[in-house]
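The chain contents come next:
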Amino acid sequence: MATTAAVLNESAPASEYARLEERILARDQKGASDVLYRLMQQGRPLTEITRETVRIHAPYTHVPYHQRLDDGIVKFVNNDHCFLSERVGLPLAAMIPPELRYLPMAQTVWYMPTGLDPWNQLLGRAPGHYTRLYDIKVNTTPPMPERHWPDQEPLQVEGTLRERLNHWLTLVQRGDVLPSYRVFLGLMQEVPNRRHVLAHLAFAGLIDVQDRMWHNRSYTTGHKGYRARATIELGEAIGWDRAHDVLYAGVPDMAVGPRWYSGYELGCNVIQNLLDGRDQELLAQTTPLTPAEEAMLVDVITRQREFSVVDALVALLKAGRSPRRILDAIQVAAAHVILETGEPNNYSMAQHGYEYCNTVGWFYDAFEHPHRLKLLFLAALFINRGSEHQVNTPGNGRRAIAPPVGSEAWSSRQILEKLEAALLALRADESVDLTAAYLKGGYDRGPLVQTLATAASIIGNDPHNQELGLCTLEDYLKTQAHDRDPLLLASAQHTAGHRKYGDPLEAYRRFAEAMGLDAR
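Below or above, wherever it landed, is the structure these notes cover. (Residues numbered from 1 in each chain as written. Predicted model: local features only at pLDDT ≥ 70, side-chain atom pairs only at ≥ 80, totals over all residues. Heavy atoms only, no water.)

1. Points about the overall build of the protein
Each helix and strand counted, the protein has 25 helices and 2 strands in total. When the backbone C-alpha atoms are referred to their principal axes, the protein occupies close to 70 × 60 × 50 Å. Counting every position in the protein, which comprises 520 residues, the buried fraction comes to 61%. (Helix = DSSP H or I, 4+ residues; strand = E, 2+ residues; numbered from the N terminus. Buried < 20%, exposed > 50% of the residue type's maximum accessible area, 1.4 Å probe, protein only.)

So this is what it looks like as structure tokens:
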């Protein structure tokens, strides 16, 4: 395999990034990728490439609203896949072989020309991801993408930090997009308070989740929380002094409608009425769940009704159990919902539910926000509704997971080679069974995690799914759940089974050829 050039110390090549911007805005996937490959061959830092690609797409991945109602038909648009995949590219680079560390970014840039101005895609005025989703005919010569929300200058407001954060969140709830963005920019200028401000950004995203699923599509399936996380992690990676474009890409959308807070209200009322409003006391609990308690909670979430889920959470908290360890069990339940998904088109609720739980876990670990306990109820009920959705949707259901016949005689390397082949061939059941064979063999889990992460990086054409593939692996590496193997099984199921667009290996093959790698 070819080696990558050493990272250059010179300033970013402005002409190359200008050419990259030109090709992306012209919606030229091949041309944009060719420019990117030249930057990668020069060894440009991933954070630099990330900063420049955010700058390019930030004005054009906003929408005036997240759904349309045309001719009596509801259509949705979640417009942050470019941004989310840029975030996930940084941790994925450390989980896959070194020669592939640029691949997640290559997937992002391959997708980016199809992710611009999704609002006009829904109207049939521009090509891209949503025109292929809805089979909308578009102009042969695409127009320039539209900037729906112009960038803004910071606005300073008076009051204590608490009062100003409340004011900002009120503007978000009211849908005052540009005023809320200006106030947030003003708050971010106060460096000593920045962590509190960022925590509230994540909180604002995580409380905005739809409260039903069956016979619904994805309208507010946690994307505000994912976008807030991307804003925070990319800003930290790039450096806040150079991250204004990250804020522009992430913050205005918090106030874009529709917005749902009824699930969060349930969490507020349960904690107030059944747990005496003891958020801080309960958050301090550290006792883990027993194996029996974990199994009980997983079963209640995936098999019973909403009121039983609430009762189970309340009982565990009253028994002194750690909220963070309860969340570990909720993530296991979310993995089981993925494992019970069959048809490729049925993954939307299962995958978004898991990503929501993963993002709540990140929020718990990253911030000491005073209201994070309430998010346990949103996460558990999100998965409960997702399970109900899958049970009542044809093409799903439990199946027996068993290692292939004769696999006990295979070496760990042989199993991983067969697993990679099954993943890239999109054979979901086989991928899960091979993962089970590796787990049953008791082999080192590290190579298995790398194989799953690599497959998630290779399969492309909508890199938001790379993020979803990473979530289960992230949680597997940090969870304290007693039964964590379903997280790895769900990773294999999702990577091979989720809905694909176009040729999911085209971007990888082009990257491998450009970088002198042996294509799989």
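Still to come is the rest of the account.
2. A short note on the packing of helix H22 (residues 445-458) against helix H23 (residues 464-478)
The interhelical angle for the contact between H22 and H23, taken along N-to-C directions, is 165°, at an axis separation of 8 Å. Judged by the angle between their axes, H22 and H23 are roughly antiparallel. Our pair here, H22 against H23, has a crossing hand that is left-handed. Counted together, Arg 445, Val 449, Leu 452, Ala 453, Ala 456 and Ser 457 of H22 and Gln 466, Gly 469, Leu 473, Tyr 476 and Leu 477 of H23 form the full contact between these two elements. Here the contact of H22 with H23 is built from residues that sort into 7 nonpolar, 3 polar and 1 charged. (Axes fitted to C-alpha atoms, helices over the stretch in contact; angles between N-to-C directions. Parallel < 35°, antiparallel > 145°, perpendicular 65-115°, else oblique. Left-handed = near helix turned anticlockwise from the far one by under 90°. Contact = heavy atoms within 4.5 Å. Nonpolar A, V, L, I, M, F, W, Y, C, P; charged D, E, K, R; others polar.)

3. A few points about the environment of Gly 516
In this fold, Gly 516 is placed in the segment after helix H25 (506-514). For Gly 516, a relative accessible area of 36% translates into the label partly exposed. Distance in space between the C-alpha atoms of Gly 516 and Ala 409 is 35 Å, their sequence separation being 107 residues.

4. What to know about the pattern of salt bridges
Opposite charge on two side chains makes pairing possible when the charged atoms of those side chains draw close. Considering all chains together, one arrives at 36 salt bridges under this definition. Across the pair Arg 51 and Glu 52 runs a salt bridge whose closest N-O atoms are separated by 3.5 Å. Between Glu 236 and Arg 195 there is a salt bridge, with its nearest N and O atoms 2.6 Å apart. On the criterion of sequence distance, the pair formed by Glu 236 in helix H11 (residues 223-238) and Arg 195 in helix H10 (residues 194-206) is long-range, its members being 41 residues apart. Overall, Glu 236 belongs to the partly exposed group, its relative accessible area being 41%. (Salt bridge = Lys/Arg side-chain N within 4 Å of Asp/Glu carboxyl O.)

5. Side note on the environment of Glu 190
For Glu 190, the location among the structural elements is in the loop between helix H9 (177-188) and H10. If near-sequence neighbours (up to four positions away) are discounted, Glu 190 is found in contact with Gln 156 and Arg 164. At a separation of 2.3 Å, a polar atom in the side chain of Glu 190 contacts the side chain of Arg 164. (Polar contact = N/O pair within 3.5 Å; in protein donor to acceptor, adjacent residues only side chain to side chain.)

6. With respect to the nonpolar core
Met 40, Leu 297, Ile 330, Tyr 356, Phe 377 and Phe 511 are the most contacted members of the largest nonpolar core, which has 168 residues in total. Looking at this core, the element that brings in the most residues is helix H17 (residues 323-339), giving 11 residues. (Core = buried A, V, L, I, M, F, W, Y, C linked by side-chain atoms within 4.5 Å.)

7. Description of the side chain of Lys 374
Secondary-structure assignment places Lys 374 in the loop between helix H18 (347-366) and helix H19 (375-391). According to the relative accessible area criterion, Lys 374 is buried, its value standing at 6%. Side-chain polar atoms of Lys 374 contact the side chain of Asp 279, separated by 2.6 Å. Filtering out sequence-adjacent residues up to four positions away, Lys 374 remains in contact with Tyr 264, Gly 267, Cys 268, Ile 271 and Asp 279.

8. What about the packing of H18 against H19?
Across the interface, H18 lies against H19 with an axial gap of 9 Å and an inter-helix angle of 165°. The orientation of H18 with respect to H19, classified from their angle, is roughly antiparallel. Here the hand of the crossing between H18 and H19 comes out left-handed. Along its contact with H18, which presents Met 349, Ala 350, His 352, Gly 353, Tyr 354, Tyr 356, Cys 357, Val 360, Phe 363 and Tyr 364, the element H19 presents Leu 375, Leu 376, Leu 378, Ala 379, Phe 382, Ile 383, His 389 and Gln 390.

9. What about the pairing of strand E2 (residues 73-76)?
Relative to E2, strand E1 (residues 67-70) runs antiparallel, the two sharing 4 bridges. Along E2, the bridge assignment pairs Gln 67 with Phe 76. Connecting the antiparallel pair E1 and E2 is a turn made up of 2 residues, with Asp 71 showing a positive phi of about 55°. (Pairing = 2+ DSSP bridges.)

10. Observations regarding the side chain of Asp 475
Within the fold, Asp 475 resides in helix H23. There is no salt bridge for the buried Asp 475, and the closest opposite charge comes from Arg 324, which lies 5.4 Å off by N-O distance. A polar contact of 2.8 Å, which involves the side chain of Asp 475, links it to the side chain of Tyr 354. Once you skip the residues sitting within four places of it in the chain, Asp 475 turns out to touch Gln 331, Tyr 354, Asn 358 and Leu 487. (Lys, Arg positive; Asp, Glu negative; His and termini not counted.)

11. Some points on the packing of aromatic side chains
Under the counting rule described, the total for this entry stands at 9 aromatic pairs. With 5.2 Å between their ring centres and 50° between their planes, Trp 168 and Phe 184 make a pair best called tilted. Highlighted residues: Trp 168 in helix H8 (residues 161-174) and Phe 184 in helix H9, separated in sequence by 16 residues. Assigned by exposure class, Trp 168 and Phe 184 land together as buried. Geometrically, the ring pair formed by Tyr 181 and Tyr 248 is stacked, given 6.1 Å between the ring centres and 15° between the ring planes. (Phe/Tyr/Trp six-rings, centres within 6.5 Å; stacked < 30°, edge-to-face > 60°.)

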